Amino acid sequence: MADAVEELTPWQRPLRAQFPIIVGHPELAYLDSAATSQKPQAVLDAVQRYLTTSNANAGRGSYPWANTTTTLVESARDRIKEFLGDPEPDRSTVHFTSGASEGLRSVARDWLPALLADGDEIVVPFADHQANLAPWLETRELLARQGVRIRVRELPYQESSGDYDPAALAEVVGPRTRFVAATHVHHVHGVDLNVHRIREAVGPRTPICLDAAQSVGHMPVSVADLDVDFVVFSGHKALALPGSGAVWARGRRGPAFRPGGWRGTPNTVGIASLAAALDWLGAAGPDRIERWTVALTSRLTEGLSRMDAYEVLGCQSSLSAASQVQRRRSIVAFRHREIASHDLGFILFSHGFMVRSDSHCQAGGEEKEGSVRVSLHVHNTPEEIAELIAALASLQ
Ligand code: PMP
(Lines give C-alpha, C1' and ligand atoms only; values in the text may rest on other atoms or scores of the structure.)
Protein backbone atom coordinates (compact mmCIF):
# COMPACT_ATOMS: atom_id res chain seq x y z
CA MET A 1 0.00 0.00 0.00
CA ALA A 2 1.45 3.36 -0.99
CA ASP A 3 2.31 5.54 1.99
CA ALA A 4 -0.12 8.47 2.27
CA VAL A 5 2.85 10.84 2.32
CA GLU A 6 4.19 9.53 -0.98
CA GLU A 7 0.77 9.46 -2.58
CA LEU A 8 -0.14 12.99 -1.51
CA THR A 9 3.20 14.76 -2.09
CA PRO A 10 2.30 15.94 -5.65
CA TRP A 11 -0.93 17.38 -4.22
CA GLN A 12 0.73 18.97 -1.19
CA ARG A 13 3.70 20.75 -2.84
CA PRO A 14 1.73 23.40 -4.72
CA LEU A 15 -0.43 24.01 -1.66
CA ARG A 16 2.58 24.68 0.54
CA ALA A 17 3.82 27.15 -2.09
CA GLN A 18 0.69 29.24 -1.45
CA PHE A 19 1.72 30.21 2.10
CA PRO A 20 3.92 33.31 1.72
CA ILE A 21 5.16 33.30 5.32
CA ILE A 22 6.23 29.65 5.02
CA VAL A 23 7.91 30.10 1.64
CA GLY A 24 9.60 33.26 2.90
CA HIS A 25 11.24 31.45 5.85
CA PRO A 26 12.79 28.25 4.54
CA GLU A 27 15.07 28.08 7.57
CA LEU A 28 12.10 27.76 9.95
CA ALA A 29 9.44 25.08 10.48
CA TYR A 30 6.08 26.26 11.79
CA LEU A 31 4.78 23.49 14.05
CA ASP A 32 2.20 25.45 16.03
CA SER A 33 -0.93 25.42 13.86
CA ALA A 34 -3.12 24.39 16.81
CA ALA A 35 -2.32 27.78 18.37
CA THR A 36 -3.00 29.66 15.16
CA SER A 37 -2.75 28.86 11.47
CA GLN A 38 -0.73 30.52 8.74
CA LYS A 39 -2.68 32.10 5.88
CA PRO A 40 -2.58 31.16 2.18
CA GLN A 41 -2.25 33.89 -0.45
CA ALA A 42 -5.93 33.51 -1.43
CA VAL A 43 -6.98 34.65 2.05
CA LEU A 44 -4.58 37.60 1.99
CA ASP A 45 -5.89 38.52 -1.48
CA ALA A 46 -9.52 38.34 -0.34
CA VAL A 47 -8.78 40.72 2.54
CA GLN A 48 -6.93 43.14 0.26
CA ARG A 49 -9.66 42.94 -2.37
CA TYR A 50 -12.43 43.60 0.11
CA LEU A 51 -10.66 46.55 1.73
CA THR A 52 -9.71 48.13 -1.58
CA THR A 53 -12.98 47.61 -3.45
CA SER A 54 -16.00 47.56 -1.16
CA ASN A 55 -15.18 48.20 2.50
CA ALA A 56 -18.32 49.51 4.27
CA ASN A 57 -20.55 48.61 7.19
CA ALA A 58 -22.92 45.64 6.81
CA GLY A 59 -26.71 45.84 6.90
CA ARG A 60 -26.81 49.63 7.21
CA GLY A 61 -26.26 51.66 4.01
CA SER A 62 -27.97 51.34 0.63
CA TYR A 63 -25.07 52.30 -1.65
CA PRO A 64 -23.17 49.61 -3.57
CA TRP A 65 -20.24 49.10 -1.15
CA ALA A 66 -22.64 48.67 1.76
CA ASN A 67 -24.76 46.26 -0.26
CA THR A 68 -21.68 44.27 -1.25
CA THR A 69 -20.64 44.04 2.39
CA THR A 70 -24.11 42.92 3.48
CA THR A 71 -24.11 40.25 0.77
CA LEU A 72 -20.61 39.17 1.79
CA VAL A 73 -21.74 38.59 5.39
CA GLU A 74 -24.90 36.74 4.37
CA SER A 75 -23.15 34.57 1.82
CA ALA A 76 -20.44 33.73 4.39
CA ARG A 77 -23.22 32.28 6.58
CA ASP A 78 -24.33 30.07 3.69
CA ARG A 79 -20.70 29.15 3.00
CA ILE A 80 -20.25 27.96 6.58
CA LYS A 81 -23.40 25.83 6.43
CA GLU A 82 -22.24 24.31 3.18
CA PHE A 83 -18.70 23.73 4.48
CA LEU A 84 -20.11 21.92 7.51
CA GLY A 85 -22.30 19.73 5.29
CA ASP A 86 -25.47 21.11 6.85
CA PRO A 87 -28.39 19.05 5.49
CA GLU A 88 -31.02 21.51 6.75
CA PRO A 89 -29.61 24.97 6.04
CA ASP A 90 -33.01 26.65 6.32
CA ARG A 91 -33.38 25.45 9.85
CA SER A 92 -29.93 26.18 11.24
CA THR A 93 -28.37 29.53 12.09
CA VAL A 94 -24.83 30.88 11.95
CA HIS A 95 -23.72 33.50 14.42
CA PHE A 96 -20.38 35.25 13.82
CA THR A 97 -18.05 35.57 16.80
CA SER A 98 -14.49 36.66 17.50
CA GLY A 99 -13.47 33.00 17.96
CA ALA A 100 -14.26 29.78 19.78
CA SER A 101 -14.00 31.34 23.25
CA GLU A 102 -16.65 33.93 22.49
CA GLY A 103 -18.76 31.34 20.67
CA LEU A 104 -18.82 28.95 23.63
CA ARG A 105 -19.55 31.81 26.02
CA SER A 106 -22.41 32.92 23.79
CA VAL A 107 -24.00 29.44 23.87
CA ALA A 108 -23.54 29.38 27.65
CA ARG A 109 -24.92 32.86 28.25
CA ASP A 110 -27.44 33.46 25.48
CA TRP A 111 -28.98 30.02 25.08
CA LEU A 112 -28.30 27.64 27.97
CA PRO A 113 -30.15 29.47 30.81
CA ALA A 114 -33.52 29.16 29.04
CA LEU A 115 -33.04 25.38 28.88
CA LEU A 116 -32.40 24.84 32.57
CA ALA A 117 -34.62 24.56 35.65
CA ASP A 118 -33.77 24.14 39.31
CA GLY A 119 -32.14 20.75 39.94
CA ASP A 120 -31.11 20.13 36.32
CA GLU A 121 -27.68 18.78 35.45
CA ILE A 122 -25.20 19.58 32.72
CA VAL A 123 -22.12 17.54 31.74
CA VAL A 124 -19.02 19.49 30.70
CA PRO A 125 -15.34 18.70 30.06
CA PHE A 126 -12.88 19.42 32.87
CA ALA A 127 -9.77 18.26 30.97
CA ASP A 128 -10.22 20.13 27.69
CA HIS A 129 -9.53 23.76 26.80
CA GLN A 130 -10.44 26.34 29.47
CA ALA A 131 -12.65 28.03 26.88
CA ASN A 132 -14.91 24.96 27.06
CA LEU A 133 -15.22 24.94 30.84
CA ALA A 134 -15.26 28.49 32.22
CA PRO A 135 -18.45 29.62 30.38
CA TRP A 136 -20.54 26.70 31.72
CA LEU A 137 -19.36 27.36 35.28
CA GLU A 138 -20.19 31.05 34.84
CA THR A 139 -23.72 30.15 33.76
CA ARG A 140 -24.10 27.99 36.86
CA GLU A 141 -23.08 31.02 38.99
CA LEU A 142 -25.41 33.32 37.10
CA LEU A 143 -28.37 30.97 37.59
CA ALA A 144 -27.48 30.39 41.26
CA ARG A 145 -27.82 34.15 41.82
CA GLN A 146 -31.37 33.83 40.45
CA GLY A 147 -32.11 30.92 42.78
CA VAL A 148 -31.81 28.23 40.09
CA ARG A 149 -29.41 25.52 41.24
CA ILE A 150 -27.67 23.54 38.50
CA ARG A 151 -25.42 20.57 39.05
CA VAL A 152 -22.32 20.53 36.86
CA ARG A 153 -21.00 17.01 36.23
CA GLU A 154 -17.65 16.14 34.77
CA LEU A 155 -17.48 14.55 31.33
CA PRO A 156 -15.24 11.57 32.22
CA TYR A 157 -11.80 11.74 30.63
CA GLN A 158 -8.85 9.35 30.78
CA GLU A 159 -5.50 11.13 30.79
CA SER A 160 -3.74 7.86 29.90
CA SER A 161 -5.52 7.46 26.57
CA GLY A 162 -6.31 11.14 26.04
CA ASP A 163 -9.90 10.09 25.37
CA TYR A 164 -13.32 10.40 26.95
CA ASP A 165 -14.53 7.37 28.86
CA PRO A 166 -17.96 6.53 27.43
CA ALA A 167 -18.62 3.72 29.96
CA ALA A 168 -18.11 6.17 32.83
CA LEU A 169 -20.25 8.73 30.98
CA ALA A 170 -23.20 6.34 31.13
CA GLU A 171 -22.90 6.55 34.95
CA VAL A 172 -22.86 10.36 34.91
CA VAL A 173 -25.87 10.80 32.65
CA GLY A 174 -29.21 10.71 34.43
CA PRO A 175 -32.83 11.80 34.05
CA ARG A 176 -31.93 15.41 34.92
CA THR A 177 -29.13 15.68 32.33
CA ARG A 178 -30.16 18.53 30.04
CA PHE A 179 -26.98 19.41 28.14
CA VAL A 180 -23.49 18.14 27.28
CA ALA A 181 -20.48 20.18 26.17
CA ALA A 182 -17.71 18.23 24.44
CA THR A 183 -14.67 18.74 22.23
CA HIS A 184 -14.08 17.31 18.77
CA VAL A 185 -10.28 17.00 18.80
CA HIS A 186 -8.33 17.47 22.03
CA HIS A 187 -5.95 20.44 21.79
CA VAL A 188 -3.15 18.76 23.80
CA HIS A 189 -3.54 15.04 23.23
CA GLY A 190 -4.70 15.38 19.63
CA VAL A 191 -7.27 12.62 19.98
CA ASP A 192 -10.47 12.63 17.93
CA LEU A 193 -12.87 12.37 20.84
CA ASN A 194 -15.48 10.54 18.80
CA VAL A 195 -18.58 12.45 19.74
CA HIS A 196 -20.85 9.71 18.39
CA ARG A 197 -20.26 7.79 21.59
CA ILE A 198 -21.49 10.75 23.62
CA ARG A 199 -24.68 10.90 21.58
CA GLU A 200 -25.18 7.16 22.19
CA ALA A 201 -24.68 7.64 25.93
CA VAL A 202 -27.02 10.62 26.32
CA GLY A 203 -29.76 9.53 23.92
CA PRO A 204 -31.47 11.45 21.13
CA ARG A 205 -32.98 14.36 23.06
CA THR A 206 -30.08 16.00 24.91
CA PRO A 207 -28.44 18.96 23.15
CA ILE A 208 -24.66 18.67 22.62
CA CYS A 209 -22.36 21.63 22.02
CA LEU A 210 -19.17 20.71 20.20
CA ASP A 211 -15.97 22.73 20.48
CA ALA A 212 -14.57 22.20 16.99
CA ALA A 213 -11.67 24.67 17.33
CA GLN A 214 -9.13 21.94 16.50
CA SER A 215 -11.10 20.14 13.82
CA VAL A 216 -12.63 22.73 11.46
CA GLY A 217 -9.97 23.41 8.82
CA HIS A 218 -7.98 20.30 9.72
CA MET A 219 -10.35 17.48 8.80
CA PRO A 220 -13.85 16.98 7.42
CA VAL A 221 -16.45 18.21 9.91
CA SER A 222 -19.91 17.16 8.83
CA VAL A 223 -22.91 18.14 10.91
CA ALA A 224 -24.89 15.55 8.96
CA ASP A 225 -22.70 12.86 10.58
CA LEU A 226 -22.18 14.46 13.96
CA ASP A 227 -25.53 14.57 15.65
CA VAL A 228 -24.67 17.68 17.66
CA ASP A 229 -26.58 20.93 18.17
CA PHE A 230 -23.78 23.49 18.13
CA VAL A 231 -20.46 23.54 16.29
CA VAL A 232 -18.19 26.31 17.57
CA PHE A 233 -14.89 27.26 15.93
CA SER A 234 -12.24 29.97 15.50
CA GLY A 235 -11.43 31.40 12.08
CA HIS A 236 -7.77 32.00 12.92
CA LYS A 237 -7.17 28.27 13.41
CA ALA A 238 -8.82 27.58 10.03
CA LEU A 239 -6.57 29.79 7.86
CA ALA A 240 -8.65 32.98 8.35
CA LEU A 241 -7.83 36.15 10.29
CA PRO A 242 -7.81 36.38 14.10
CA GLY A 243 -11.03 37.85 15.47
CA SER A 244 -13.22 35.73 13.20
CA GLY A 245 -15.21 32.64 14.07
CA ALA A 246 -18.70 31.24 14.19
CA VAL A 247 -21.31 29.26 16.05
CA TRP A 248 -23.40 26.97 13.89
CA ALA A 249 -26.65 26.06 15.65
CA ARG A 250 -28.91 23.27 14.44
CA GLY A 251 -32.04 24.70 16.03
CA ARG A 252 -33.83 21.40 16.65
CA ARG A 253 -33.33 20.64 20.35
CA GLY A 254 -33.96 23.22 23.06
CA PRO A 255 -34.79 26.91 22.59
CA ALA A 256 -33.80 28.76 19.42
CA PHE A 257 -30.29 30.24 19.51
CA ARG A 258 -30.76 33.99 19.21
CA PRO A 259 -27.86 35.83 20.79
CA GLY A 260 -29.55 38.94 22.13
CA GLY A 261 -28.69 42.57 22.62
CA TRP A 262 -27.19 45.16 20.34
CA ARG A 263 -24.59 43.38 18.28
CA GLY A 264 -22.73 46.30 16.72
CA THR A 265 -20.63 46.28 13.59
CA PRO A 266 -19.55 42.79 12.51
CA ASN A 267 -15.92 41.99 11.77
CA THR A 268 -16.46 42.24 8.03
CA VAL A 269 -12.77 41.83 7.16
CA GLY A 270 -12.56 38.74 9.34
CA ILE A 271 -15.72 37.35 7.76
CA ALA A 272 -14.31 38.01 4.26
CA SER A 273 -11.16 36.14 5.28
CA LEU A 274 -13.19 33.26 6.70
CA ALA A 275 -15.24 32.83 3.53
CA ALA A 276 -12.02 32.83 1.47
CA ALA A 277 -10.34 30.36 3.86
CA LEU A 278 -13.28 27.95 3.63
CA ASP A 279 -13.18 28.20 -0.17
CA TRP A 280 -9.47 27.43 -0.11
CA LEU A 281 -9.87 24.53 2.32
CA GLY A 282 -12.83 23.16 0.37
CA ALA A 283 -10.80 23.17 -2.86
CA ALA A 284 -7.75 21.60 -1.18
CA GLY A 285 -9.96 18.93 0.42
CA PRO A 286 -10.30 18.59 4.22
CA ASP A 287 -10.07 14.78 3.84
CA ARG A 288 -6.69 15.05 2.14
CA ILE A 289 -5.49 17.66 4.63
CA GLU A 290 -6.41 15.22 7.37
CA ARG A 291 -4.68 12.26 5.71
CA TRP A 292 -1.54 14.30 5.11
CA THR A 293 -1.22 15.72 8.60
CA VAL A 294 -2.20 12.44 10.29
CA ALA A 295 0.45 10.60 8.25
CA LEU A 296 3.13 13.12 9.27
CA THR A 297 2.00 13.06 12.91
CA SER A 298 2.19 9.24 12.88
CA ARG A 299 5.79 9.47 11.70
CA LEU A 300 6.54 11.79 14.58
CA THR A 301 4.80 9.66 17.23
CA GLU A 302 6.55 6.57 15.93
CA GLY A 303 9.90 8.40 15.98
CA LEU A 304 9.26 9.53 19.56
CA SER A 305 8.23 6.04 20.67
CA ARG A 306 11.65 4.74 19.58
CA MET A 307 13.42 7.18 21.92
CA ASP A 308 13.39 6.39 25.65
CA ALA A 309 14.10 10.01 26.54
CA TYR A 310 10.59 11.06 25.50
CA GLU A 311 7.14 10.42 26.86
CA VAL A 312 4.21 11.06 24.54
CA LEU A 313 1.11 12.35 26.31
CA GLY A 314 -2.29 10.82 25.79
CA CYS A 315 -1.43 7.33 24.64
CA GLN A 316 1.83 6.18 26.18
CA SER A 317 1.09 2.56 25.54
CA SER A 318 1.03 0.82 22.16
CA LEU A 319 2.03 3.93 20.30
CA SER A 320 2.74 1.95 17.21
CA ALA A 321 -0.65 0.19 17.25
CA ALA A 322 -2.46 1.47 14.21
CA SER A 323 -5.68 2.19 16.05
CA GLN A 324 -4.01 4.47 18.57
CA VAL A 325 -2.06 6.39 16.00
CA GLN A 326 -5.06 6.72 13.74
CA ARG A 327 -7.16 8.23 16.51
CA ARG A 328 -4.52 10.93 16.81
CA ARG A 329 -5.05 13.87 14.47
CA SER A 330 -2.49 16.55 13.70
CA ILE A 331 -1.35 17.23 17.28
CA VAL A 332 1.19 15.46 19.48
CA ALA A 333 2.38 16.57 22.91
CA PHE A 334 5.41 15.09 24.64
CA ARG A 335 7.98 15.59 27.38
CA HIS A 336 11.67 14.91 27.65
CA ARG A 337 12.33 12.92 30.80
CA GLU A 338 15.10 15.30 31.90
CA ILE A 339 14.84 18.57 29.97
CA ALA A 340 12.03 20.88 31.12
CA SER A 341 9.50 21.47 28.34
CA HIS A 342 10.05 25.21 28.32
CA ASP A 343 13.79 24.68 27.82
CA LEU A 344 13.11 22.08 25.16
CA GLY A 345 10.98 24.64 23.31
CA PHE A 346 13.92 27.08 23.31
CA ILE A 347 16.36 24.41 22.19
CA LEU A 348 14.06 23.37 19.37
CA PHE A 349 13.75 26.97 18.21
CA SER A 350 17.55 27.17 18.04
CA HIS A 351 17.17 24.40 15.42
CA GLY A 352 14.45 26.40 13.61
CA PHE A 353 11.38 24.60 14.99
CA MET A 354 8.49 26.69 16.30
CA VAL A 355 6.55 24.59 18.81
CA ARG A 356 4.43 25.39 21.81
CA SER A 357 5.80 24.55 25.26
CA ASP A 358 3.56 25.26 28.26
CA SER A 359 0.35 23.83 29.68
CA HIS A 360 -1.66 24.81 26.57
CA CYS A 361 -4.60 26.54 28.31
CA GLN A 362 -5.86 23.13 29.44
CA ALA A 363 -8.44 23.43 32.19
CA GLY A 364 -6.62 22.67 35.45
CA GLY A 365 -3.38 22.75 33.46
CA GLU A 366 -1.74 25.33 35.73
CA GLU A 367 -1.12 22.53 38.23
CA LYS A 368 0.31 20.18 35.64
CA GLU A 369 3.81 19.95 34.27
CA GLY A 370 4.01 21.55 30.82
CA SER A 371 4.75 19.72 27.60
CA VAL A 372 5.98 20.42 24.10
CA ARG A 373 3.20 20.40 21.55
CA VAL A 374 3.77 19.92 17.83
CA SER A 375 0.75 20.65 15.64
CA LEU A 376 0.70 20.44 11.88
CA HIS A 377 -1.12 21.79 8.89
CA VAL A 378 -1.07 21.16 5.19
CA HIS A 379 2.15 23.17 4.60
CA ASN A 380 4.27 20.90 6.82
CA THR A 381 6.56 18.42 5.12
CA PRO A 382 8.07 14.97 5.77
CA GLU A 383 11.50 16.66 5.69
CA GLU A 384 10.50 18.91 8.60
CA ILE A 385 9.36 15.87 10.59
CA ALA A 386 12.53 13.92 9.80
CA GLU A 387 14.68 16.90 10.85
CA LEU A 388 12.65 17.34 14.02
CA ILE A 389 13.10 13.66 14.93
CA ALA A 390 16.85 14.01 14.27
CA ALA A 391 17.04 17.12 16.48
CA LEU A 392 15.11 15.35 19.26
CA ALA A 393 17.36 12.30 18.91
CA SER A 394 20.44 14.49 19.37
CA LEU A 395 19.09 15.53 22.79
CA GLN A 396 18.76 12.02 24.18
N1 PMP B 1 -11.10 25.27 22.19
C2 PMP B 1 -10.01 24.63 21.81
C3 PMP B 1 -10.04 23.12 21.71
C4 PMP B 1 -8.86 25.34 21.49
O5 PMP B 1 -7.76 24.70 21.10
C6 PMP B 1 -8.88 26.76 21.57
C7 PMP B 1 -7.66 27.59 21.24
N8 PMP B 1 -6.46 27.09 21.67
C9 PMP B 1 -10.05 27.38 21.98
C10 PMP B 1 -11.15 26.61 22.28
C11 PMP B 1 -10.15 28.87 22.10
O12 PMP B 1 -10.02 29.45 20.85
P13 PMP B 1 -9.82 31.04 20.69
O14 PMP B 1 -8.61 31.37 21.52
O15 PMP B 1 -9.59 31.21 19.24
O16 PMP B 1 -11.05 31.67 21.18
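Residues numbered from 1 in each chain as written. Predicted model: local features only at pLDDT ≥ 70, side-chain atom pairs only at ≥ 80, totals over all residues. Heavy atoms only, no water.

Draft legend 1. Highlighting the site of the ligand. In the vicinity of the ligand, the residues found are Gly99, Ala100, Ser101, His129, Ala131, His187, Asp211, Ala213, Gln214, Ser234, His236 and Lys237. Between the ligand and the protein, one listed contact pairs an oxygen atom with a backbone N or O atom of alanine 100 at 3.4 Å. Here the ligand, which alone exposes 390 Å², has 87% of that area covered by the protein. For the ligand, the cavity whose grid points lie within 2 Å of the majority of its atoms is the second largest pocket. Grouping the constituent residues of the shell around the ligand by class yields three nonpolar, seven polar and two charged. (Near = heavy atom within 4 Å. Polar contact = N/O pair within 3.5 Å; in protein donor to acceptor, adjacent residues only side chain to side chain. Areas by Shrake-Rupley, 256 points an atom, 1.4 Å probe, with all protein chains shown as cover. 1 Å grid on protein atoms, 1.4 Å probe; cavity = no way out; pocket = protein on both sides within 12 Å on 5 of 7 lines; lining within 4 Å. Sits in = over half its atoms within 2 Å of the grid points. Nonpolar A, V, L, I, M, F, W, Y, C, P; charged D, E, K, R; others polar.)

Draft legend 2. Structural detail: the domain arrangement of the chain. According to the domain assignment, the chain contains domain 1 (2–40 + 285–393) and domain 2 (44–284). A C-alpha centroid distance of 26 Å is found between domain 1 and domain 2. Contacts between the two partners involve 41 residues from domain 1 and, on the opposite side, 40 residues from domain 2. Buried area between domain 1 and domain 2, summed over both chains or domains, comes out near 3,100 Å², and the portion from carbon and sulfur atoms is 53%. Our enumeration of links across domain 1 and domain 2 arrives at one salt bridge. For aspartate 163, the salt bridge goes to arginine 327, with nearest N and O atoms at 3.1 Å. Connecting domain 1 to domain 2 are 26 residue pairs in polar contact (both at pLDDT 80 or more). Taken together, the elements giving at least two residues each to the side of domain 1 that touches domain 2 come down to helix H1 (4–16), helix H10 (286–305), strand S12 (331–336) and strand S15 (371–375). Sort the elements by how many residues they give to the side of domain 1 that touches domain 2 and H10 lands first, with five residues. When grouped by side-chain class, the residues that make up the side of domain 1 that touches domain 2 number 18 nonpolar, 13 polar and 10 charged. (Domains from an automatic or database assignment. Contact = heavy atoms within 4.5 Å. Buried area = accessible area lost by both parts, 1.4 Å probe. Salt bridge = Lys/Arg side-chain N within 4 Å of Asp/Glu carboxyl O. Helix = DSSP H or I, 4+ residues; strand = E, 2+ residues; numbered from the N terminus.)

Draft legend 3. Highlighting the sheet that holds S12. Across the sheet, four strands lie side by side as S11-S12-S15-S14; this open sheet has antiparallel pairing. Whereas interior strands pair on both sides, the edge strands pair on one side only; in this sheet they are strand S11 (310–312) and strand S14 (356–358). For this sheet the average axis-to-axis angle between neighbouring strands, irrespective of direction, equals 30 degrees. As judged from the three bridges shared by S14 and S15, these two strands associate in the antiparallel manner. From the neighbouring strand, aspartate 358 faces S15, where its bridge partner is serine 371. Together, S11, S12 and S15 form the strand contacts of H10, whose direction differs from that of S12 by roughly 20 degrees. Sitting on the sheet, helix H12 (residues 341–350) touches S11, S12, S14 and S15, and the angle it makes with S15 is about 45 degrees. (Pairing = 2+ DSSP bridges. Axes fitted to C-alpha atoms, helices over the stretch in contact; angles between N-to-C directions.)

Draft legend 4. Looking closely at the layout of surface pockets. A volume near 460 Å³ is recorded for the largest pocket. For the lining of the largest pocket, the secondary-structure elements that each account for two or more residues are helix H4 (64–83), strand S2 (93–97) and helix H5 (100–115). For the lining of the largest pocket, the class distribution of residues is six nonpolar, 13 polar and six charged. The computed volume of the second largest pocket comes to approximately 270 Å³. Along the walls of the second largest pocket sit 23 residues, with Ala100, His129, Ala213, Gln214 and Lys237 positioned nearest its centre. With three residues, H5 is the largest single contributor of residues to the lining of the second largest pocket. Class assignment for the residues of the lining of the second largest pocket results in seven nonpolar, 10 polar and six charged. When we break the lining of the second largest pocket down by domain, the ones giving at least three residues each are domain 1 (2–40 + 285–393) and domain 2 (44–284). (Points joined across faces, edges and corners; volume = space filled by probe spheres on them.)

Draft legend 5. Just the side chain of serine 330, in detail. Examined against the element boundaries, serine 330 turns out to sit in the loop between helix H11 (322–327) and S12. Once residues lying within four places of it in the same chain are set aside, the contact partners of serine 330 are His218, Thr293, Thr297, Val374, Ser375 and Leu376.

Draft legend 6. Here's a closer look at the environment of methionine 354. Position of methionine 354 among the secondary structure elements: in strand S13 (residues 353–354). Distance from methionine 354 to aspartate 279, taken between C-alpha atoms, is 27 Å for residues 75 residues apart in sequence. Once residues lying within four places of it in the same chain are set aside, the contact partners of methionine 354 are Leu28, Ala29, Tyr30, Leu31, Asp32 and Phe349.

Draft legend 7. Up close: the pattern of salt bridges. Per the counting criterion, the structure on display carries 28 salt bridges. The partner of aspartate 3 in a salt bridge is arginine 299, with the nearest N and O atoms 2.4 Å apart. Remark: arginine 299 occurs in helix H10 and aspartate 3 occurs in the segment before H1; sequence separation between them is 296 residues. Classification of aspartate 3 by relative accessible area gives partly exposed; the value is 28%. Linking arginine 197 and aspartate 163 is a salt bridge whose minimum nitrogen-to-oxygen distance equals 2.9 Å. Within this pair, whereas arginine 197 is found in helix H8 (residues 195–202), its partner aspartate 163 is found in strand S6 (residues 163–164), the two being separated by 34 residues in sequence. Owing to a relative accessible area of 7%, aspartate 163 belongs among the buried residues under this scheme. Salt bridges sharing partners connect three or more residues here, namely Glu88, Arg91, Arg199, Asp227, Asp229, Arg250, Arg252 and Arg253. (Buried < 20%, exposed > 50% of the residue type's maximum accessible area, 1.4 Å probe, protein only.)

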